[in-house]
Protein chains: 2
Amino acid sequence: MTQSPMTQPPTPAPDFDRETAVTRRPGGRSIYDTDLPGAWKVGMGINGGLLLSVAARALSAELGEGPTPHPHPFSISAYYLSTSTAGPATVEVDTLRRGRTVSTASASLCQPGEDGTPVERLRALATFGDLAAQDGDIRTSAKPPHLPAPEECFGTEAAPAEFKAQSPLLDRVDLRLDPACVGWAVGAPSNKGEIRGWFRLPEGRDPDPLLLLLAVDILPPVSFDLGVPGWAPTLELTAHVRAKPAPGWLRVVHSTRNFAGGYLEEDAEVWDSTDRLVAQSRQLARVRLPKK
Amino acid sequence: MTQSPMTQPPTPAPDFDRETAVTRRPGGRSIYDTDLPGAWKVGMGINGGLLLSVAARALSAELGEGPTPHPHPFSISAYYLSTSTAGPATVEVDTLRRGRTVSTASASLCQPGEDGTPVERLRALATFGDLAAQDGDIRTSAKPPHLPAPEECFGTEAAPAEFKAQSPLLDRVDLRLDPACVGWAVGAPSNKGEIRGWFRLPEGRDPDPLLLLLAVDILPPVSFDLGVPGWAPTLELTAHVRAKPAPGWLRVVHSTRNFAGGYLEEDAEVWDSTDRLVAQSRQLARVRLPKK
């Protein structure tokens, strides 16, 4: 803020930060107002990672205050209850335990229903802490993914027109999919159950713990790579944020090992530019098999 | 119940069923009474999977009733808030959404604190459904583990005396660890970050969806196999139950790929006697490194 506004116009906040902002209501209850952005729709509803980020912003505002601030999600579990729509929403935070190293809270995301009464979209439980206070010991045995350079990958501009029409959020992110995992887009899925890609915000804003919650659910459903088209609505998603990400691109790997009974487990790993595994997630999603 | 009590004495309920039983209180709120069993202690507190099973019993009682009964956990996420002790406890269930195929609820497990006011031990969110209603399509790519026969594995009677003294729950389960993963018990961990074993109830009661919630947290912490002794308290554990298990032994595999910053991700897979992957779980646990 030492630069003169005359010499450089103020940089507008990146879409992600502006469109997931929350404002605390005055009063005793911890209620945050927000406006769910239609620009992050994908298929029928708003992207699940975006909703998770909104809930986490309210949780961070609540738990990041006080004598032992816990601003960062260590673990967050979201249960999706009904389809979100663009427009006003509230997040009510209920703090369950304030601890020395971590604090735990519940968050309820609601929107007014057709008759005006609140309808719950998402309920989350989360434990927050301070990633800067973690020790530096790293014994991770997982290996970072090998991806072609971003400029050799498929950007969202290459997505099929039908897919783009259903996914306005593609304009909000800079996503580059590994060509080895995009055969499904032309009817030739690899059947390995894996999709890999680079991810960053188009404004060049560097990743932070909150953005990792968007990253874990930003790739297309891994069921596409198994030749099963159609959206896979998430029942539950749990994400662990394990470190502050370094500046630069993130690499995201989605995979599944258990597709059965009409449900799909989908794991995500997020790696930063220093090859640190900064987030892991798992979700349970419903898949509809095409009629034979 | 057609047999005469004269010819065959009634079989007592297995310890697990008796000791995780819940009783609904009369009245409008969904409060279930239970008595947390000291026999399931491990280290400082009561086993996390046992507490998850108690919460799931109350959830199943609540959501398993009605015109569209949803008796089985599809996904359950537990956040552990304080250390449980043997004795009376309540589980309060709050139903968030009753749906056609699944229902979602919150469960809060509390015990009276020193001054009598309730202290929350665990908060869970869960989506329940009917496993019998799932389709029969199975495309699981995960491979079942190879274990030596149960009689060639290490039973709990072989556990070191110090370990047994801290773990009364070893008397409640029939657990047989793969000899390849027990080097840690004699100071020679494999450092692979994996522990595998057979698991069943000693009474010969066959597994059901509820028992799978115990199974996902019944092996020793996988950090033992990384040469890090000491208990690893669970912050959060999410389990997905993916099918009704077939009768017989279960095989459980615990593994970790991300041990960093004083926290450990621990995954569990539970396989039934027909080689079906019936449950998966992931937890985030805190690990204390030995002083150098």
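What counts, and where the lines are drawn
- By convention here, each chain's residues receive numbers from 1 onward along its written sequence.
- By the order in which they are written, chains take letters starting at A while ligands take numbers starting at 1.
- Per-residue local features are limited, in this predicted model, to residues with pLDDT of at least 70; the limit for side-chain atom pairs, both in listing and counting, is 80 or more; totals at the level of whole chains, interfaces and linings are taken over all residues.
- Note: side-chain values were computed over all heavy atoms of the structure, leaving out hydrogens and water.
- In this description, contact between two residues means that some pair of their heavy atoms is separated by no more than 4.5 Å.
- Put simply, buried area is how much 1.4 Å-probe accessible surface two parts lose in total, over both of them, once they are put together.
- By definition, a salt bridge exists where a carboxyl oxygen of Asp or Glu is found within 4 Å of a side-chain nitrogen of Lys or Arg.
- What qualifies as a polar contact is a pair of N or O atoms within 3.5 Å, subject to a donor-acceptor requirement within protein and to the restriction that residues adjacent in sequence count only when both atoms come from side chains.
- In this text, helices come from DSSP runs of H or I with a minimum length of four residues, and strands from runs of E with a minimum of two, each type numbered from the N-terminal end.
- Under the scheme applied here, ten amino acids are nonpolar (Ala, Val, Leu, Ile, Met, Phe, Trp, Tyr, Cys and Pro), four are charged (Asp, Glu, Lys and Arg), and all others, including Gly, are polar.
- Remark: exposure states derive from per-residue accessible area (1.4 Å probe, protein chains only) relative to the maximum for the residue type, with buried under 20%, exposed over 50%, and partly exposed in between.
- Between any two strands, at least two bridges found by DSSP are needed for them to pair.
- A pocket, in this scheme, is an open set of points on a 1 Å grid over the protein atoms alone with protein on both sides within 12 Å along at least 5 of 7 lines, while a cavity is a set where a 1.4 Å probe fits but cannot get out; residues line either one if an atom lies within 4 Å of a point.
- Grid points are joined across faces, edges and corners, and a volume is the space filled by probe spheres set on the points.
- The split of the chain into domains comes from an automatic or database domain assignment.
- Under the pairing criterion, centres of Phe, Tyr and Trp rings, with the six-membered ring standing for Trp, must be within 6.5 Å; the plane angle then separates stacked pairs below 30 degrees from edge-to-face pairs above 60, leaving the rest tilted.
- By definition here, charges over rings are those cases where NZ of Lys or CZ of Arg is within 6 Å of the ring centre and within 35 degrees of the ring normal.
- UniProt positions are given in the numbering used here, feature names are shortened, and annotations may be inferred rather than shown by experiment.
- The fit set for superposing copies consists of C-alpha atoms from residues with pLDDT of at least 70 in both; the fit itself is least squares.
- A helix is expected to span 1.5 Å for every residue after the first.

This brings us to the interface of chain A and chain B. Contact residues are listed per partner, giving 56 residues for chain A and 56 residues for chain B. Carbon and sulfur atoms supply 49% of the area that chain A and chain B bury against each other, a total of about 4800 Å² over both sides. Taken together, the connections running from chain A to chain B amount to 4 salt bridges. Across the chain A-chain B interface, the total number found is 41 residue pairs in polar contact (both at pLDDT 80 or more). Contributions of two or more residues to the side of chain A that touches chain B are made by strand E5 (72-80), strand E6 (87-98), strand E7 (102-112), strand E8 (118-129), strand E12 (234-241), strand E14 (259-260), strand E15 (263-271) and strand E16 (277-286) of chain A. The element best represented in the side of chain A that touches chain B is E16(A), accounting for 7 residues. For the side of chain A that touches chain B, the per-class residue count stands at 21 nonpolar, 18 polar and 17 charged.

As a further point, take the pairing of strand E15 (residues 263-271) of chain B. Residue and element names in this part refer to chain B. Counted residue by residue, E15 has 9 buried out of 9 residues, so it is predominantly covered. By the alternation rule, side chains of E15 split into Tyr 263, Glu 265, Asp 267, Glu 269 and Trp 271 and Leu 264, Glu 266, Ala 268 and Val 270, which are all buried. As defined by bridge partners, strand E14 (residues 259-260) adjoins E15 across 2 bridges and the pair is classed as antiparallel. Paired with Phe 259 across the bridge in E15 is Leu 264. Between E14 and the antiparallel strand that follows it, E15, lie 2 residues; Gly 261 among them carries a positive phi value of about 65 degrees. As paired elements, E15 and strand E16 (residues 277-286) share 9 bridges and run antiparallel to each other. Bridge pairing links Leu 264 to Ala 285 in E16. Between E15 and E16, which pair antiparallel in sequence order, lie 5 residues; one of them, Asp 275, sits at a positive phi of approximately 65 degrees.

As a further point, take empty space enclosed by the protein. Rolled over the atoms, a probe as big as a water molecule pinpoints where empty space is left. One pass over the full model with this rule turns up 1 cavity of 30 Å³ or more. Of the volumes computed, that of the largest cavity is approximately 60 Å³. Lining the largest cavity we find A:Glu236, A:Thr238, A:His240, A:Gln280, A:Ser281, A:Arg282, B:Glu236, B:Thr238, B:His240 and B:Arg282. Broken down by secondary-structure element, the contributors of at least two residues to the lining of the largest cavity are E12 and E16 of chain A together with strand E12 (234-241) of chain B. Its residues placed into classes, the lining of the largest cavity shows no nonpolar, 6 polar and 4 charged.

Turning to the domain arrangement of chain A, a few remarks are in order. Interface extent is often summarised as the accessible area lost during association of the parts. All names here are of chain A. By the assigned domains, chain A splits into domain 1 (16-130) and domain 2 (150-286). With centres defined by C-alpha atoms, the gap from domain 1 to domain 2 works out at 22 Å. On the side of domain 2, 24 residues touch domain 1, which itself brings 26 residues to the contact. In total, about 2200 Å² of surface goes out of reach between domain 1 and domain 2, with carbon and sulfur atoms giving 62% of it. Its largest share of buried area at the contact with domain 2, domain 1 owes to Phe 16, Trp 40 and Tyr 80, together 23% of the area lost on that side. Where domain 1 touches domain 2, the interface holds 2 salt bridges. The salt bridge partner of Arg 172 is Glu 19, with a shortest N-O separation of 2.8 Å. Across the domain 1-domain 2 interface, the total number found is 12 residue pairs in polar contact (both at pLDDT 80 or more). Going through the elements one at a time, helix H1 (15-19), strand E3 (41-42), helix H2 (48-63) and E5 are the ones with two or more residues in the side of domain 1 that touches domain 2. With 9 residues, the top contributor of residues to the side of domain 1 that touches domain 2 is E5.

Quick look at the packing of aromatic side chains now. Within this structure, the stated rule accounts for 10 aromatic pairs over all chains. Measuring from ring centre to ring centre gives 5.4 Å for A:Phe74 and B:Tyr263, while their planes differ by 75 degrees; the resulting arrangement is edge-to-face. Here the residue A:Phe74 occupies a position in strand E5, and B:Tyr263 occupies one in strand E15, the pair thus bridging two chains. Among the aromatic residues, ring-to-ring pairing joins A:Trp184, A:Phe224 and A:Trp231 into one connected group. Here A:Arg139 stacks its cationic end above the ring of B:Phe259, 5.1 Å away from the centre of that ring.

So, on to the side chain of A:Asp178. All names here are of chain A. Mapping Asp 178 onto the fold places it in the loop between strand E10 (174-177) and strand E11 (194-200). Only 2.9 Å separates the side chain of Asp 178 from the side chain of Arg 196, close enough to count as a polar contact. Discounting residues that sit within four places of it in the chain, Asp 178 has contacts with His 146, Leu 147, Pro 148, Cys 153, Arg 196 and Gly 197.

Residues and elements named next belong to chain B. If you trace the backbone, Thr 68 turns up in the loop between helix H2 (48-63) and strand E5 (72-80). Taking C-alpha positions, Thr 68 is 8.2 Å from Gly 99, a pair spaced 31 residues apart along the chain. For Thr 68, the residues in contact, after removing those within four places along its chain, are Leu 63, Arg 98, Gly 99 and Arg 100.

A few words now on the UniProt feature "domain: Acyl-CoA thioesterase-like C-terminal" (unreviewed entry) in chain A. Taking the numbering used here, the UniProt-annotated feature "domain: Acyl-CoA thioesterase-like C-terminal" (unreviewed entry) corresponds to residues 157-287 of chain A. Structurally, residues 157-287 of chain A comprises 10% helix and 35% strand, and the distance from its first C-alpha atom to its last is 26 Å.

Per the UniProt record, "domain: Acyl-CoA thioesterase-like N-terminal HotDog" (unreviewed entry) is annotated on residues 36-129 of chain A. Across residues 36-129 of chain A one finds 17% helix and 52% strand; the C-alpha atoms that close the span lie 26 Å apart.

Rotating chain A by 180 degrees about the axis while translating it 0.0 Å along that axis superimposes it on chain B, leaving an RMSD of 0.0 Å. The two molecules are tied by a two-fold rotation axis, judged by turn and shift. Across chain A, the smallest distance between a C-alpha and the rotation axis is recorded for A:Ser77, namely 3.5 Å. Mapped onto chain B, 100% of the interface residues of chain A again fall at the interface, so both copies present the same surface.

Further remarks concern H2(B). Residue and element names in this part refer to chain B. When the terminal C-alpha atoms of H2 are compared, their 22 Å separation across 16 residues agrees well with the 22 Å that a helix rising 1.5 Å per residue should span. Burial analysis of H2 places 14 of its 16 residues in the buried class, which makes it a mostly covered element. N-capping of H2 is provided by Asn 47, with a side-chain oxygen placed 2.9 Å from the backbone N of Gly 49.

A separate point is the pairing of strand E2 (residues 31-36) of chain B. Residues and elements named next belong to chain B. Pairing of strand E1 (residues 23-24) with E2, which is carried by 2 bridges, proceeds in the antiparallel orientation. Bridge pairing in E2 places Thr 23 opposite Asp 33. As consecutive antiparallel partners, E1 and E2 are separated by 6 residues, and within that stretch Gly 27 has a phi angle of approximately 120 degrees, a positive value. Across 6 bridges, E2 lies against strand E6 (residues 87-98) in antiparallel orientation.

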